Each structure stands twice: as C-alpha cells, then as structure tokens.
Amino acid sequence: MSIINHYSGYGAQSKEDTDALTQRSKRCICKKCGGKLTTSLIIYDIYGGAGMELYCPHCQQTEFGVEPEIYEIAQYYVENFQFNYFLDMEENDLNEQLNIAKVADMLSWLFKNLGLLDHNGLKNTLPDYQFYKRLHR
Ligand SMILES: [Zn+2]
C-alpha cells in the first residue's frame, strides 16, 4: 500500500465524494490522537486499486476522523471516569488513545442515531424526539 499525502484530485471517486472528504478533513480530527487529518490517495495494489481517504500523518494510518467536539467529550470521559475497554492491554498512551477512539465511536453512533449529527457535522437544532418515539412503538 502506498500513500500520496495532500492529494486533491478526483481519482476513481465522484466529485461529490471527494468534496465531502475534503470538507471532512477540514472539520474532523483523528479519533486516536486528536490531530489534523489530510486527504490522501491510497494505492491499495499494483492492479490499480486506489482511492482517496482521510489520513492521520501522526498515527500514519487512514482515519475517517471524528467531530472535534465529540473527541473532547470522549477524552474527558476516558480521563475522568477511568474508562478502559482494553483490559488486556498495558495502560499507556496507546491504550488511552484507543479508549478515546472507542468512546468517540460510541458517542458518534449515539449522536447520529439521535439525529444530532450528520455528514455536515453536529447540528445546531434539536431533532423532533417525537419522531423517535413513533419509531419504537
Ligand atoms: Zn492520529
């Protein structure tokens, strides 16, 4: 696998998908280290499999990212409630980063399912919770 950083071409993806990733790279941060993301062209194999993805230069891996507000809440939660999903792991910086990423995933899922998060980020208006009550009857 090869990685070309700061890629902004369209590759095999549609302009809409590429633009969405570019917007996401400007707004979201790495869910492990909290660092900025870049758009990168990932070349998966020599037979031409390639696509644009978000990438964390600090963690040196592809990373879809998380909303910065959700990262802040996840980091606070892990540090103040001693959350540890990875009990078999030594408690070190990597363990803390993985726990923040795990909580950030759960919070993102929750925010999305409550209608508070979409592809444009966190919403400024509350959802109609009556809609959710009707769904579960
Ligand atoms: Zn990172």
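What you see is a predicted model; the values in this text were computed from it and never measured.

Enquirer: Could you give an account of the nonpolar core, naming the residues involved and the relevant values?
Expert: Across soluble globular proteins, nonpolar side chains have a tendency to be buried as a group. Of all hydrophobic cores here, the largest spans 16 residues; its most connected members are Ala74 and Ala104. Among the secondary structure elements, those contributing two or more residues to this core are strand E3 (50-56), helix H2 (68-80) and helix H3 (93-113). Broken down by element, the residue count for this core peaks at five residues, all from H3. Looking at which domains feed residues into this core, each of domain 1 (1-65) and domain 2 (67-137) gives three or more. When neighbours within four sequence positions are excluded, Ala74 is seen to be in contact with Ile100, Val103, Ala104 and Leu107.

Enquirer: Got a sec to walk through the packing of H2 against H3? Specific residues and values, please.
Expert: The N-to-C vectors of H2 and H3 enclose an angle of 125 degrees; their axes lie 8 Å apart at closest approach. When the axis of H2 is compared with that of H3, the two are oblique. Crossing of H2 over H3 shows right-handed handedness. Residues Ile70, Tyr71, Ile73, Ala74, Gln75, Tyr77 and Val78 of H2 pack against Glu96, Asn99, Ile100, Val103, Ala104, Leu107, Ser108 and Phe111 of H3. A breakdown of the residues in the contact of H2 with H3 according to their chemical character gives 11 nonpolar, three polar and one charged.

Enquirer: Can you break down the environment of Tyr76 residue by residue, with the values?
Expert: Among the structural elements, Tyr76 can be located in helix H2. For Tyr76, a count of 12 C-beta atoms within 10 Å corresponds to the exposed category. It is 20 Å that separates the C-alpha atoms of Tyr76 and Leu116, two residues lying 40 residues apart in sequence.

Enquirer: Go over unusual backbone geometry, please, and point to the residues and values.
Expert: A positive phi angle, near 55 degrees, is found at Gln60, a position not held by glycine. Positionally, Gln60 belongs in the loop between E3 and strand E4 (61-62). Of the residues examined, Gln60 has 9 C-beta atoms within 10 Å and is grouped as exposed. Its identity is not glycine, yet Gln82 carries a phi of approximately 45 degrees, on the positive side.

Reading guide: rules and limits
Here, residues in each chain are numbered from 1, in the same order as that chain's written sequence. Local features are withheld for residues below a pLDDT of 70 in this predicted model, meaning they are given only at 70 or higher, and side-chain atom pairs are given and counted only at 80 or more; totals for whole chains, interfaces and linings count all residues. In plain words, the nonpolar core is the set of buried Ala, Val, Leu, Ile, Met, Phe, Trp, Tyr and Cys residues that C-beta atoms within 7 Å link up. The burial criterion counts other C-beta atoms lying within 10 Å of a residue's C-beta, which is placed from the backbone; the residue is buried at 20 or more, exposed at 12 or fewer, and partly exposed between these limits. By definition, any uninterrupted DSSP run of H or I lasting at least four residues is a helix, any uninterrupted run of E lasting at least two residues is a strand, and each is numbered from the N terminus. Throughout the structure description, domain borders are defined by an automatic or database domain assignment. Throughout, a pair of residues is in contact if the C-beta atoms placed from their backbones lie within 7 Å. All axes here are fitted lines through C-alpha atoms, helices being fitted over the stretch that makes contact, and every angle between N-to-C directions spans 0 to 180 degrees. Each angle is binned into one of four classes, with values under 35 degrees roughly parallel, values over 145 roughly antiparallel, values of 65 to 115 roughly perpendicular, and all other values oblique. Left-handed describes a crossing whose near helix is turned anticlockwise from the far helix through less than a right angle; right-handed describes the clockwise counterpart. Basically, the charged four are Asp, Glu, Lys and Arg, the nonpolar ten are Ala, Val, Leu, Ile, Met, Phe, Trp, Tyr, Cys and Pro, and anything else, Gly included, counts as polar.

Everything listed here is a matter of coordinates, which is why it stays silent on function.
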